[in-house]
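Chains, contacts and geometry: an overview
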Amino acid sequence: MKGDIILKNISKVYHKGKIKIFALKNINLEIKKGEFVVIMGPSGSGKTTLLNIIGCLDIPTEGEVIFNGKVLKSFSEDQLAEYRRQNIGFIFQSFNLIPVLTVKENIELPLILEKNFSSQYKEERIKELIEKLGLSGMENRFPSELSGGQEQRVAIARALVKKPIVVLADEPTANLDSQTALEVIKIMKEMNEIEKTTFIFSTHDPKIEKFAKRIITLKDGMIESDIMVS
Amino acid sequence: MAVGFMSFVFFDSLFLGIDKMLVEQLMKLQDSSIVIYSKEYDEDKKSYPLDRPIKDINEILKISSSIKNIEALTPRTQFLCEVIYLGKSKHIIATVIEPKTDVQVFDLHKNLKEGKFLDDTSALEILVGSALAEELNIKVKDTITLSAYTKYKMLNALDFVVCGILETSVPLINESTVVINFKSAEKLLDLEGDVNSIHIKVPWNKRESISGYFNKVSKIAKQFKEGLSDDYKVYTFKDLYQEFMLLMKQKRISSFIIVFFILLISAVGIVNTMLMAVYERVKEIGIMMAMGFKPKQVRNLFLLEGLIIGLFGSALGAFLGLLSNLWLIYKGWNLEIMYGEKITGLKASQLGMPVWGVIYGEWNIYAFVFCFCFCILIAVISAYFPSRFASKLTVTDCLKFI
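So, a few notes on the structure that sits alongside this text. Predicted model only: the values in this text are computed from it and were never measured. (Residues numbered from 1 in each chain as written. Chains lettered and ligands numbered in written order. Predicted model: local features only at pLDDT ≥ 70, side-chain atom pairs only at ≥ 80, totals over all residues.)

**Here we look at the overall build of chain A**
Each helix and strand in chain A was counted, giving six helices and 10 strands. Scored against the burial criterion, the 230 residues of chain A give a buried share of 40%. If you take every contact in chain A between residues at least 6 apart in sequence, the share linking residues at least 24 apart comes to 71%. (Helix = DSSP H or I, 4+ residues; strand = E, 2+ residues; numbered from the N terminus. Buried ≥ 20, exposed ≤ 12 C-beta atoms within 10 Å, placed from the backbone. Contact = placed C-beta atoms within 7 Å.)

**Structural notes on the nonpolar core**
Ranked by size, the top nonpolar core spans 101 residues in total, and within it A:Ile39, A:Ala157, A:Leu168, A:Ile200, B:Met289 and B:Cys371 carry the most contacts. Beyond its immediate sequence surroundings of up to four residues, A:Leu168 is in contact with A:Leu51, A:Ile54, A:Gly55, A:Ile88, A:Phe90 and A:Ile200. The next biggest cluster of nonpolar side chains, apart from the first, holds 58 residues, and it includes B:Ile36, B:Tyr37, B:Phe160 and B:Val202. (Core = buried A, V, L, I, M, F, W, Y, C linked by C-beta atoms within 7 Å.)

**Description of the sheet that holds strand β7 (residues 166–170) of chain A**
Residue and element names in this part refer to chain A. Strand order in the open sheet formed by six strands is β6-β7-β8-β3-β9-β10, with mixed pairing between adjacent strands. Of all strands in the sheet, those bounded by a partner on one side alone are β6 (88–91) and β10 (222–228). Across this sheet, the average inter-strand angle for adjacent strands is 15°, counted without regard to direction. Summarising the sheet, strand β3 (residues 36–40) and strand β9 (residues 214–219) pair through four bridges and their orientation is parallel. Within β9, the position partnered with Val37 by the bridge is Arg214. On the sheet, helix α1 (residues 47–54) packs against β3, β7, β8 (198–203) and β9 and is oriented at approximately 155° with respect to β8. (Pairing = 2+ DSSP bridges. Axes fitted to C-alpha atoms, helices over the stretch in contact; angles between N-to-C directions.)

**What to know about the sheet that holds strand β2 (residues 19–31) of chain A**
Residues and elements named next belong to chain A. Here four strands make up an open sheet; going across it, the order is β2-β1-β4-β5 and the pairing antiparallel. Each end of this open sheet is capped by a strand with a single partner; those strands are β2 and β5 (70–71). Inspection of the sheet shows strand β1 (residues 5–16) paired to β2 by nine bridges, in the antiparallel sense. Bridged to Val13 within β2 is Phe22.

This is a description of form; function is not addressed.
If you want it as structure tokens, here you go:
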């Protein structure tokens, strides 16, 4: 189905001198469009590596990622960039907003490359997200003038602005207090339901589990459990 | 970058100005713009013969009256002689001048250290170069003896009263020149109204370049060559100072290299700035690549930034260069005020300065064009390598970069 992600026999090996370190071992996974997937596991279990491979930020040592029926392994550097531009939104643990740009400019950044959207549509989309994410009145502020929760909301808006099929979030709540973390997760859940965007995010915060429709637990680079939550 | 640009055009203008002043001084004190000798004299001019004069001065005067752009002309004759004073003596080259017209062509009268200049009527008066006067301990109003061969190869000697001491920026004049008028020369050398050379002054406008002036002088010299018979030899200042001009050309190359180093130093600054700009933003590059920017697009962004920095830097440099050149060309750099005897206690010749007084710069549009292109090129090149480095990083490496 369009928007489904299939991971076949994915392994990722890092070399530290002569020592091989398996970050991921033989991962097989299928994620349907519109799912709200939480990847859990202790530090070093391979959560970030898995997200990076899904988002084509990293290349697996073995195996293949299939998206929309296309094998991404055969893609060139430019094709991978195009794939990311069209389909993926990223949310990072440390927000990664550009400090010299305002809230509005940060949200607008992914749209720079979008030639198919009219400037009116872009304006409306930014305005819509600013309102939905409770950022009204902060459009002209710089990241340094925002709280952690506000910064992460800007990052979410930036990830969603071009209506990607998948949003990948690597520990989006790790730098936030528990109250703000819950708020951010609620917003993500809401966006998942409204915009039917697939959300895949990693965390080791057990309080977030209750929002997930599907919980994948990793241990030592392998899938320990893959549970659908009713 | 802007400072490098400004320094380049400033020093280029200064060096050009100094070159122009050097040529100007040689012309104003020694040979003028155009010199005409008889053909026979020219064949043996190193021995300063007195029996090979210009046959018909009127022929030259007739042509000169039909040529525009000639300010004045004057006759001169040079001869070898011995100066004798209180038991000391020195062999030198003496110059015979016609004071009334000489001051219209040459600036000797402006270079008097003490005493007065010659006039046409007074006989047996003499001007002595300052270094020569010092060497022989000659002072104004002293009586010195000149010994020389006449036109008919007879040795003759006469006493002259020193009326003035000359101090110029040309060492040769200071060290081994005495000047007398034609009235005195008649008595010493039996010249019978002969002159060996005619010196012609072509006005040099303040803003005129060396090459522009040379073209003007060459055209006038050509008119003389065409109008005069084969009995004459016509030289321009460039012909006379061929070796000096060649030396000046080489000096221009070496001064260009020195000034070019200033630009290179500023180029290092630009490269450093661009490298810092890229390294500071590796994480941002990672974010942009994660959003779908292609490596080429990232590279182009940095090249664009380099180009903009280059354009702004060049524009600012051109403006600063223009200001510094305006000051140097119209106001001039007064060496006397900065390094004069009152400040340093040293004379110009002791400081080893080839020129003295107020140095004026020269416009050189090529220096501006060269700097403008060079600064932009350097900015783009220095943006290219770090941007290439940035575009080759993986997104995960960029995001991990602190």
